[in-house]
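Listed below, chain by chain, are the residues.
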Amino acid sequence: MNSLQQGPAVSARSSVPSADKATVASLDGRSVRWDTHREERRRALIKATRRAIHRLGPDASMEDIAVTAGTSKSVFYRYFGDKSGLRNAVGTVVIRQMQDTIAAARHGATDPREGVTAMISAYLQMAQTSPNVYFFVTVPEDGESRQSGELSGFFDSITAMITDPLRHLLGDPTSPLLGYWPKAAIGMVRTAGELWLRSPGEPGKPDFNTMAGQISAWLFNGVGQFVSPATPDHSATAAEGKS
């Protein structure tokens, strides 16, 4: 598209006086510098928002975010429109970082189970660096629609990542289970992971690697092996015998 637009522009400018060409070039230069300035300012505001949310919590107001960032609320509205726009802008940066980290963890694994465990561990570790920021970008406030783009696609992309290890385990790329297990698995990973993030940092709380191993064991082995055999309930048996 750029090449098609640039052709006529060069042709048109060749027919104007040199003074006009200089004016156009000056205006173009200003436009580029302004765009660069706006993008740099936008990145700085996103970084300041992450610091503010980390400190204040995921429910911080635009006013509180602006004060903590050392600027005015109107500046945030000018660059992001509203809080939902700010959430999506911050989320785009954070989610891409998480996706890259999780993908790298998967590629470093030597077998399917190790790959899934490594991805869960990377996910928990990244979220743990700032639970406030994680919940800010993944959980919309009341009245907001579910995020689109990077945010809504985050768990879809992780689901796709764990589908491939499962395909190798099943040995059947056409198995209908491929349509169920990854989605169910990611639901479990997210639910367990977010409960873990919200739980108090008590001495008995597992670290992210231990928690990842436990979630992976639940996914691959079920819970049967973790449950002690129940002793017979003689009272129930007796009652059933009387009926």
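Higher on the page you've got the structure.
Residues numbered from 1 in each chain as written. Predicted model: local features only at pLDDT ≥ 70, side-chain atom pairs only at ≥ 80, totals over all residues. Heavy atoms only, no water.

Draft legend 1. Inspection of the packing of helix H5 (residues 83–107) against helix H7 (residues 131–138) at higher detail. The geometry of H5 relative to H7 is characterised by a closest axis approach of 8 Å and an angle of 120° between their N-to-C directions. In the packing of H5 onto H7, the handedness of the crossing is left-handed. Contacts between H5 and H7 involve Lys83, Arg87, Val90, Gly91, Val94, Ile95 and Met98 on the former and, on the latter, Val133, Tyr134, Phe136, Val137 and Thr138. When its residues are assigned to classes, the contact of H5 with H7 shows 8 nonpolar, 2 polar and 2 charged. (Axes fitted to C-alpha atoms, helices over the stretch in contact; angles between N-to-C directions. Helix = DSSP H or I, 4+ residues; strand = E, 2+ residues; numbered from the N terminus. Left-handed = near helix turned anticlockwise from the far one by under 90°. Contact = heavy atoms within 4.5 Å. Nonpolar A, V, L, I, M, F, W, Y, C, P; charged D, E, K, R; others polar.)

Draft legend 2. Spotlight on the packing of aromatic side chains. Within this structure, the stated rule accounts for 5 aromatic pairs. Taking the centre distance of 6.2 Å and the plane angle of 80° together, the rings of tyrosine 123 and phenylalanine 155 count as edge-to-face. Taken together, the residues tyrosine 123 in helix H6 (residues 112–129) and phenylalanine 155 in helix H8 (residues 150–170) connect sequence positions 32 residues apart. On the basis of relative accessible area, tyrosine 123 is assigned to the buried category, the value being 4%. Clustering of aromatic rings is evident, with ring pairs tying together Tyr123, Tyr134, Phe135 and Phe155. Over the ring of phenylalanine 135 we find arginine 198; its NZ or CZ atom is 4.0 Å from the centre of that ring. Sitting over the ring of tryptophan 196, lysine 205 keeps its end group 4.9 Å from the ring centre. (Phe/Tyr/Trp six-rings, centres within 6.5 Å; stacked < 30°, edge-to-face > 60°. Buried < 20%, exposed > 50% of the residue type's maximum accessible area, 1.4 Å probe, protein only. Lys NZ or Arg CZ within 6 Å of the ring centre and 35° of its normal.)

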